Amino acid sequence: MKKILLLAVAVIFTAMFVGHSFAVEASFDGQYRVRAFAIENAQDFNDNIKADSDSWIDQRFRLNITLKESPVTGYVQLQIGGNNGPSSSKVWGANSDTDAVNGTNLSVVARQAYLDFPIGPVQLRLGRTEERHGFMGGGMFENIADRYIVTYKASPELVVSFIHAKATEVSTGTSAGQTAANAGVSADGNDNDRNIYHLGFTYKPQGAMYDVSARAYYVRDGLNYISRTGASTAGGDWDAWWLTAQTTLKFNPVKIYLSAAYVDGESNPANGTTSYDIQAYALHGDINATFGIVTVGLVGGIGSGDDNTTDDQLETFYAPAGAGYIQTHLFWQSGTGDYSSNFMDSASIRTNLNTQNGSRETLSNVTWAGLYADIKATDALTLGIKGATFNKTESLDNTEDHIGEEIDLTLNYKIHKGLSLFAFAAWFMPDDGIICNTTNNQATACINGTVGSHNQDTVNEYYARIQWDF
């Protein structure tokens, strides 16, 4: 592992000092983190099961290398450990480079690699990049993919961008990308790709107390379709449009953030069967005010759901790609920027909450509200508290709608320049809308209390992270 990393750095330095490349400027930065987790009752909401208590420590290292010879810039991000999540970083005590839990997470991988250069009035970026487009207090679109990005700065206030991401490439020069599952879709391999297109703008007037953004996404998947239950199924295709808008308003000492999204599309199973109409929406708002060292706020959102999973309407909101709606430490934790255990992302919990086409990454069939307060105790120390309540937007027949409540306590402490401690304690109190039974210690759907037992023990998580950004 060390040899690979040293070789990569050696190659870069050699390129810098050979011939014409002597003029190349190189800069390095990166991140190293160590995290500790302790979590209880997350599998079945029952503290009587010994196996339902877990703790571990993991670590991850990233090295960012920027090479520049104006006006061209090249960027490579090397990483030891996975992209995100406890099972994809180097877990202490899991020493094998190929063990079943952690795979090859000790290998050095190129997480991102791209070129930046101008062509006339536009800036072009080509390669594998990580993108996060704002919406819902995080990223409605958040992933790493091969893409090109065209950016045009029309004025100091207005920036317009167009992005085409290739999520799946079925054929690389032939139309032989057919399988038994999708044989009826198309004879052309290109029609089986998954493509994501994005056009958006950001307008920030100089000196103004507001900014506004709007975006349109179009996604077509020619290899799979979305079923009535929301599963991605081979043998058909689907396409959809997302229209989003957001604004930030500032009225000292009050700050307001609002965002909205609407999705419309169609899912087409193979062989001429009935198509499904996709129609969904989401709204998010955050209003806060700062008084001296204290900031207090109200935050919440609503994402559409579907109360009938047998008809031809798919009405649960979901995002065009991976998302990062990180709002609370337990219930709302997902995306490449997450820092929690993502226990809410299990398939069984999605089923019980009826997040039909969605996931725990966004406002999928959830209506919620929270109160929070942050205290900047010193220049180095910030403390926070948040309380939130969650409900299903739409409930299936004979099911409950109240999901539960959560309380979070948070600490941010700057130890040294670039070195910080982030820690939290979080408690999630489940209610009848999510209660499961304890069969085989796995969460299974519980309809109106008639299946299994009602275990309503609180989920606890305690987390600490030391992170050095250099």
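Residues numbered from 1 in each chain as written. Predicted model: local features only at pLDDT ≥ 70, side-chain atom pairs only at ≥ 80, totals over all residues. Heavy atoms only, no water.

Draft legend 1. How the structure looks around the overall build of the protein chain. For the protein chain, the count of helices and strands is 2 helices and 22 strands. With 470 residues in all, the protein chain has 45% of them scored as buried. By sequence separation, contacts in the protein chain at least 24 residues apart represent 59% of the contacts at least 6 residues apart. Working note: accessible area of the protein chain is about 21,800 Å², and carbon and sulfur atoms make up 58% of it. (Helix = DSSP H or I, 4+ residues; strand = E, 2+ residues; numbered from the N terminus. Buried < 20%, exposed > 50% of the residue type's maximum accessible area, 1.4 Å probe, protein only. Contact = heavy atoms within 4.5 Å. Areas by Shrake-Rupley, 256 points an atom, 1.4 Å probe, with all protein chains shown as cover.)

Draft legend 2. Spotlight on the side chain of Asp237. For Asp237, the position within the fold is in strand S13 (residues 237-251). Buried charge without a salt bridge: Asp237, with Arg220 as the nearest opposite-charge side chain at an N-O distance of 4.4 Å. Ignoring anything within four residues of it in the chain, the contact list for Asp237 reads Arg220, Asp221, Gly222, Asn224, Tyr225, Glu266, Ser267 and Asn268. (Lys, Arg positive; Asp, Glu negative; His and termini not counted. Salt bridge = Lys/Arg side-chain N within 4 Å of Asp/Glu carboxyl O.)

Draft legend 3. Highlighting the pattern of salt bridges. Taken as a whole and assessed by the stated rule, the structure comprises 6 salt bridges. Between Glu130 and Arg111 there is a salt bridge whose closest N-O contact spans 3.0 Å. Note that Glu130 is positioned in strand S6 (residues 122-135) and Arg111 in strand S5 (residues 108-119), a separation of 19 residues in sequence. The same class applies to Glu130 and to Arg111, which are both buried. Counted as one network, the salt bridges with shared partners bring together Arg111, Glu130 and Arg132.

Draft legend 4. Representation of unusual backbone geometry within the structure. The omega torsion of the bond from Ser70 to Pro71 falls at 10 degrees, within 30 degrees of zero and hence cis. Note that Pro71 resides in the loop between strand S2 (53-69) and strand S3 (72-80). A cis geometry characterises the amide bond from Asn252 onward to Pro253, with omega recorded as 10 degrees. In this fold, Pro253 is placed in the loop between S13 and strand S14 (254-268).

Draft legend 5. Quick peek at a nonpolar patch on the surface. A surface patch of nonpolar side chains, about 510 Å² in accessible area, is lined by Trp241, Leu243, Tyr262, Tyr281 and Leu283. Elements represented by at least two residues in the nonpolar patch include exactly S13 and strand S15 (276-291). On the secondary structure map, Leu243 appears in strand S13. (Patch = residues over 30% accessible without salt bridge, like charges linked within 9 Å, V, L, I, M, F, W, Y side chains within 5 Å.)

Draft legend 6. Representation of the packing of aromatic side chains in the model. Taken as a whole, this structure holds 20 aromatic pairs when the rule is applied. For the pair Phe37 and Trp56, a centre-to-centre distance of 4.6 Å together with 15 degrees between the ring planes defines the contact as stacked. Pair noted here: Phe37 is in strand S1 (residues 25-40) and Trp56 is in strand S2, with a separation of 19 residues, a long-range link. Owing to a relative accessible area of 4%, Phe37 belongs among the buried residues under this scheme. Where Phe331 meets Phe428, the ring centres are 5.9 Å apart and the plane angle is 20 degrees; that geometry is what we call stacked. Here Phe331, found in the loop between strand S17 (313-314) and helix H2 (347-353), pairs with Phe428, found in strand S21 (residues 419-430); they are 97 residues apart in sequence, far enough to count as distant. The same class applies to Phe331 as to Phe428, namely buried. In this structure an aromatic cluster arises from ring pairing among Phe37, Trp56, Phe422, Phe424 and Tyr463. The ring of Tyr372 has Lys386 sitting right over it, with the charged end atom 5.4 Å from the ring centre. (Phe/Tyr/Trp six-rings, centres within 6.5 Å; stacked < 30°, edge-to-face > 60°. Lys NZ or Arg CZ within 6 Å of the ring centre and 35° of its normal.)

Draft legend 7. Broad picture of the nonpolar core. By size, the foremost hydrophobic cluster in this structure holds 51 residues, and its most contacted members are Met140, Trp242, Phe317, Trp332, Trp368 and Phe390. The residues contacting Phe390, other than those within four sequence positions of it, are Thr328, Phe331, Trp332, Val366, Thr367, Trp368, His402, Ile403, Gly404, Glu405, Glu406 and Phe428. Among the nonpolar cores identified, the runner-up in size contains 5 residues, and Leu63, Ile65, Ile80 and Val108 belong to it. (Core = buried A, V, L, I, M, F, W, Y, C linked by side-chain atoms within 4.5 Å.)

Draft legend 8. Representation of the pairing of strand S10 (residues 210-221) in the model. Where strand S9 (residues 194-203) and S10 come together, 10 bridges link them in antiparallel fashion. Within S10, the residue paired with Thr202 across the bridge is Ser213. Where S9 hands over to S10, the hairpin turn is made up of 6 residues, of which Gly207 adopts a positive phi near 80 degrees. Inspection of the sheet shows S10 paired to S13 by 12 bridges, in the antiparallel sense. Bridge pairing in S13 places Arg220 opposite Asp239. (Pairing = 2+ DSSP bridges.)

Draft legend 9. Representation of the environment of Gln123 in the model. Within the element layout of this structure, Gln123 appears in strand S6. With residues up to four places along the chain from it excluded, the contact list for Gln123 reads Asp116, Phe117, Pro118, Ile149, Val150 and Thr151.

Draft legend 10. Representation of the confidence of the model for the protein chain within the structure. On average, residues of the protein chain score 80 in pLDDT, and 73% of them reach the 70 mark or higher. Residue range residues 83-87 is modelled with pLDDT below 50. Its contacts to residues more than four positions away, or to other chains, number 20 contacts. (pLDDT = per-residue confidence, 0-100.)

Draft legend 11. The side chain of Arg33, seen in detail. Following the sequence through the fold, Arg33 ends up in strand S1. Of the buried charged residues, Arg33 lacks a salt bridge, with Asp58 as the closest side chain of opposite charge at 4.9 Å. Beyond its immediate sequence surroundings of up to four residues, Arg33 is in contact with Asp58, Gln59, Arg60, Ser89, Arg465, Ile466 and Gln467.

Draft legend 12. The environment of Lys376, seen in detail. Mapped onto the secondary structure, Lys376 falls in strand S18 (residues 366-376). The sequence separation of Lys376 and Thr295 amounts to 81 residues, and the corresponding C-alpha distance is 8.5 Å. Filtering out sequence-adjacent residues up to four positions away, Lys376 remains in contact with Ile293, Leu381 and Thr382. At 3.3 Å, the side chain of Lys376 forms a polar contact with the backbone oxygen of Asp379. (Polar contact = N/O pair within 3.5 Å; in protein donor to acceptor, adjacent residues only side chain to side chain.)

Draft legend 13. Structural view of the environment of Phe201. Mapping Phe201 onto the fold places it in strand S9. Judged by relative accessible area, which is 31%, Phe201 ranks as partly exposed. Along the sequence, Phe201 and Val212 sit 11 residues apart, while their C-alpha atoms lie 8.5 Å from each other. If near-sequence neighbours (up to four positions away) are discounted, Phe201 is found in contact with Leu158, Val159, Val160, Val212, Ser213 and Ala214.

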